[in-house]
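# A closer look at the structure
Spelled out from the first residue to the last, the chains are:
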Amino acid sequence: ASRLLASTKNRLEHDLVLDRIKAVLAPWCDRLDAEPTPGIVRLAHVQHLMTGVSARLADDVRDGALLAAMHPTPAVCGTPTEAARAFIAAHEADPRGLYAGAVGLVSASRSDFAVGIRSALVHGDQAVAFGGAGIVQGSEADAEWLETARKMESFDAVS
């Protein structure tokens, strides 16, 4: 956890996502607050930087419009968004399907969404797992492959 918090590369990756989320949310909000420094989220196979963001949306904001503005985040597409989308379309062999989409719930009083940064599509006794790593200045290929492999271990644990 201490190495992750001190990592310039991981902080850059985290800040790119956080900065875009705050910039996109701001026009839709009456209030927007973000914790001043990231903390750590510990999962079974990996740890992540996390910064809490809370907001009070303006009264006329609709879920679909906000989701359209937010998606895709740099966590799954890169930045700047349009250049990253074009690169992905030109270089990824397989469609992403549900991977990297918004997942969540909508009710009369509340909506709660997250970005599906790891997912699996199951057909009978076969599953296709999706995941990746953030590539930014300072990334090292071997470390990114190891990070992706660790993320995919969560799928091995349930098989």
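Note that the coordinates shown come from a computational prediction; the quantities given were computed from them, not determined experimentally.

### Re the overall build of the protein
Across its full length, the protein holds 5 helices and 8 strands. Taken against the 2.2 N^0.38 rule, which gives 15 Å for 159 residues, the C-alpha radius of gyration of the protein at 17 Å falls within 12% of a compact globule. Considered along the principal axes of its C-alpha atoms, the protein spans approximately 45 × 40 × 35 Å. Across the 159 residues that make up the protein, the buried fraction comes to 26%. Considering only residue pairs separated by 6 or more positions, the protein has 54% of its internal contacts joining residues 24 or more positions apart. Here the protein displays about 10600 Å² of accessible surface, and carbon together with sulfur accounts for 56% of that area.

### So, helix α4 (residues 81-91)
By the burial criterion, the buried members of α4 are T81, A84 and I88. An end-on view of α4 places all buried positions within 65° of arc, on one side of the element. In α4, those exposed residues whose orientation departs by more than 90 degrees from the buried face are E82, F87, A89 and A90. Where α4 is buried, its residues contact α2 (8-25).

### Regarding the confidence of the model for the protein
Mean pLDDT over the protein stands at 88; residues scoring 70 or higher make up 98%. Confidence, expressed as mean pLDDT per element, reaches its minimum in the protein at strand β6 (residues 111-115) with 81 and its maximum at strand β1 (residues 29-34) with 96.

Rules behind the numbers
Residues numbered from 1 in each chain as written. Predicted model: local features only at pLDDT ≥ 70, side-chain atom pairs only at ≥ 80, totals over all residues. Heavy atoms only, no water. Helix = DSSP H or I, 4+ residues; strand = E, 2+ residues; numbered from the N terminus. Rg over C-alpha atoms; globule rule 2.2 N^0.38 Å. Buried < 20%, exposed > 50% of the residue type's maximum accessible area, 1.4 Å probe, protein only. Contact = heavy atoms within 4.5 Å. Areas by Shrake-Rupley, 256 points an atom, 1.4 Å probe, with all protein chains shown as cover. Arc of directions from axis to C-beta. pLDDT = per-residue confidence, 0-100.

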